[in-house]
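The chain contents come next:
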Amino acid sequence: MFSAVFVDRPRLAIVIAIVTALAGLLAMLRIPVSQLPDIVPPQVSVTTRFPGASATVIEQTVAQVIEASVNGVDRMIYMRSNSANDGSYSLNVSFQLGTDPDLATVNVNNRVQAALARLPQEVQRQGVTVRKQSSAVLQFIFLYSESGAHTPLFLSNFATINILDRLARVPGVGQVNLFGAMDYSMRIWFEVDRLISLNLTPSDVVAAIQAQNVQAPVGRLGGRPVPDDQQFQINLETRGRLSTPEEFGEILIRANPDGSVLRVRDVARVELGAASMDTESRFDGKPAVTFGVYLQPGANAVTAATNVRRALEEMRARYPEGVNHRVFFDTSDFVNDTIHEVIKTLVEAFILVVIVVFLFLGNMRATIIPTVAVPVSLVGAFVILLALGYSANTISLLAMVLAIGIVVDDAIVVVENVERVMEEEPHLTPAEATKKAMAQITAPIIAITLVLLSVFVPVGFIPGLSGELFRQFAVTISAAMVISAINALTLSPALCAVFLRPHKHAGGHRPGIMGRWLRGIDWVRDRYAGAVSRLVRVSLLSILLTGVFFVSIWQLSLRTPSGFLPQEDQGAFFVQVQLPQGASVSRTRDAVVQVEEILKSIPSVQGTLAIVGFSLIDGGAQSNSAFLVARLKPFADRTTAAMSVQAAIGQVFGAGRAVRTANVFAFNLPPIIGLGTGGGFEYILQDYEGRPPAELGATMLGLIVAANQDPRLAAVFSTFNATNPTLFLDLDRDKAQALGLRSRR
């Protein structure tokens, strides 16, 4: 008999259990920690710029070319692009779960390179960037000047040079994005009247700058082939690219026959500014520079967030005087709180199981056996999770909570049967009684395990995103059950032979309170057995009752609201501010100020972060859009429903109607960070017949009106607008050619 080996050699069983527990503890230290399993499809982003082009021009000359080439790349699910009026273009390609993001990036880059020659020259000069995209936000961090002595222009470039590269090297960080980067640029402000009087055009000034602002390699002296008596070899250098306004002002535009010269400073004002000022950040109404830290797929969110905070503290000593940073929003805080509550539930469940086992076994020695066996099974399951590349998250830990009640049964079956044999045959030693008991229940233990595995293992083969959630749940329970069955055949018999003792009570009845309690349990057991024996005689009634229960449950399931995942209070929510098309950044900022005042008046809101000129939903810069993050107070300070995130969102919707110049939409964070931009669902309306954008916009408006009338839906909106105002320049090309004017690409 298999278990007899461990009854005779209990140290062997204990060593196996210790090795399993140690392996599990080591796996717990290495396993990634996250809120939910990694079910976000891998993404690859393609970005470029077409300076000065409108969204329509970009869609026609850039988007169609790139997307026609990228479409159909291996394992692609879908792709989504955004062409913005600031000249930017972005394409996100999503791939099937399990796709290697590095290989997907290479495949997309090969397709883009094939289309590069068909893009406009300006786009080719700007370059097309292809990289794997991390859509799971880890942190929002902002940099600010406490005294206001440093401008956002300085803070943006300081963050680009000193902070972003350091954070990008932190283990677990996928990428770091600076919202509204204001890279240093030299601005040339023309004096138009002066140019006209000198018979010059802006293109003449541009040509002079391009010709003289170059990095010229001038070679070396003394390099071979030279005579052998040459003693030195010297590299040559000269002034290359210019870097100060004064140097740009000295650029020569024209030299006159009389010896006089015309320089840039004579016809223009030169200053150091930002290459783009389409976006700006605000923290609680004050200027700031914001950057988002994104989590690497499969990384430990808690460890990565801790390492980011540690790196920021190391760099704080190098900040200029008056400059400071703050982590505004950290998704790992919610992960920590969630994991803490689940672990608390896990401990409480374990304690309750131990108490129940003691009450029903009535023996402290017998209680020790399942108390030892259950933790070994649960901790050992982490080895399987780590080996399969899974993480410790709410799904796996909740599976552990459920597994406690399952795995404890194996140990209880062993203990109860051993005690029954010892009670019926008191002349047997504990080791002999254990061997006889195990000979009776070894097959049932294996059968019980196989039956339970037949329930949970098929769950792991459910396809799709829901299947990924259920798969980790099924694997966790199955791993714990298998280890529990092994413990029931090895550890539990060994402990029974060591800890259990023959009963010494006369007649087998235990005196005292515990004896009365156990006799009460036996009385309930006997009454239940009697009721079952009577129901067996009227089996038709039992079948009828079972059918009634089945139909009732089925009817209730039809009336129960369904969804992918429930909306949760994650300690923050988003706000989208949308102005009419053509609104400037200044108008958008004024609307944001009103929304900030609304958020400040909500008791549950602790702080606000606004990015003016950026649309989170569309994923690009838009002068008529703004994106706000409202951080709520800690969960300990929000214990009532009136302080919940849903209540705060409702207050924003109500008060947002007072903002006459903009539409204000508040929405919750997505249940899975990185899978969508917000709570609820997103619907894409596509035009397959090439109709004008105005017709698509009219169809969209009709769809929104109809959707908002559906009682099952609420706050349905869209940011699409086909009425963007533009000025059309109708050039007389014949006259331009006759006058010797030529257009430049």
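For the structure, check the block above.
Residues numbered from 1 in each chain as written. Predicted model: local features only at pLDDT ≥ 70, side-chain atom pairs only at ≥ 80, totals over all residues. Heavy atoms only, no water.

Relative to the assigned elements, Gln 581 resides in the loop between strand 16 (572-578) and helix 21 (585-600). Residues Gln 581 and Val 353 lie 228 residues apart in sequence; the distance between their C-alpha atoms is 62 Å. In this view, Gln 581 contacts Asn 624, Thr 719, Asn 721, Thr 723, Asn 724 and Pro 725; residues no more than four positions away in its chain are not counted. (Helix = DSSP H or I, 4+ residues; strand = E, 2+ residues; numbered from the N terminus. Contact = heavy atoms within 4.5 Å.)

Turning next to the pairing of strand 13 (residues 280-283). Each regular strand carries side chains that alternate between the two faces of the sheet. As defined by bridge partners, strand 13 adjoins strand 17 (residues 605-615) across 4 bridges and the pair is classed as antiparallel. Its bridge partner being in strand 17, Arg 282 is matched across the sheet by Ala 610. Strand direction decides the pairing type here: strand 13 and strand 14 (residues 286-295), joined by 3 bridges, are antiparallel. Paired with Phe 283 across the strands is Lys 286, a residue of strand 14. Between strand 13 and strand 14, which pair antiparallel and follow one another directly, the connecting turn spans 2 residues, one of which, Asp 284, has a positive phi of 50 degrees. (Pairing = 2+ DSSP bridges.)

On to the pattern of salt bridges, then. Enumeration according to the criterion identifies 19 salt bridges in this entry. One salt bridge connects Arg 166 with Glu 314, and the closest N-O pair in it is separated by 3.5 Å. Here Arg 166 is found in helix 7 (residues 164-168), whereas its partner Glu 314 is found in helix 12 (residues 301-316), with 148 residues between them in sequence. Several salt bridges converge on common partners, so that one network encompasses Glu 250, Arg 263 and Arg 265. (Salt bridge = Lys/Arg side-chain N within 4 Å of Asp/Glu carboxyl O.)

Turning to helix 15 (residues 394-424), a few remarks are in order. Given a rise of 1.5 Å per residue, 31 residues ought to cover 45 Å, and the 46 Å separating the end C-alpha atoms of helix 15 matches this to within 8%. The buried count for helix 15 comes to 22 of 31 residues, which makes it a mostly enclosed element. Capping of helix 15 at its N-terminal end is provided by Asn 393; its side-chain oxygen lies 2.9 Å from the backbone amide nitrogen of Ile 395. (Expected span 1.5 Å × (residues − 1). Buried < 20%, exposed > 50% of the residue type's maximum accessible area, 1.4 Å probe, protein only. Polar contact = N/O pair within 3.5 Å; in protein donor to acceptor, adjacent residues only side chain to side chain.)

Side chains of Ile 343, Val 347, Ile 351, Leu 352, Ile 355, Val 356, Leu 359, Phe 360 and Trp 517 sit close together on the surface and give an oily, nonpolar patch of about 800 Å² of accessible area. Broken down by element, the residue count for the nonpolar patch peaks at 8 residues, all from helix 13 (residues 331-361). For Ile 343, the location among the structural elements is in helix 13. (Patch = residues over 30% accessible without salt bridge, like charges linked within 9 Å, V, L, I, M, F, W, Y side chains within 5 Å. Areas by Shrake-Rupley, 256 points an atom, 1.4 Å probe, with all protein chains shown as cover.)

Once that is clear, we can look at helix 13. With 31 residues, helix 13 should cover 45 Å at 1.5 Å per step; its first-to-last C-alpha distance of 45 Å lies within 8% of that length. Thr 331, Ser 332, Phe 334, Val 335, Thr 338, Ile 339, Val 342, Leu 346, Ala 349, Val 353, Val 357 and Leu 361 are the residues of helix 13 that are buried. A positive phi of about 70 degrees marks Gly 362, the residue just after helix 13.

The subject of this paragraph is the packing of helix 16 (residues 430-456) against helix 17 (residues 464-489). Remark: helix 16 packs on helix 17, axes separated minimally by 10 Å, with the N-to-C direction vectors making an angle of 175 degrees. In terms of orientation, helix 16 lies roughly antiparallel with respect to helix 17. For the pair helix 16 and helix 17, contact is made by Met 438, Thr 442, Ile 445, Ile 446, Thr 449, Leu 452, Leu 453 and Phe 456 and by Phe 473, Ala 474, Ile 477, Ser 478, Met 481, Val 482, Ala 485, Ala 488 and Leu 489, respectively. When its residues are assigned to classes, the contact of helix 16 with helix 17 shows 14 nonpolar, 3 polar and no charged. (Axes fitted to C-alpha atoms, helices over the stretch in contact; angles between N-to-C directions. Parallel < 35°, antiparallel > 145°, perpendicular 65-115°, else oblique. Nonpolar A, V, L, I, M, F, W, Y, C, P; charged D, E, K, R; others polar.)

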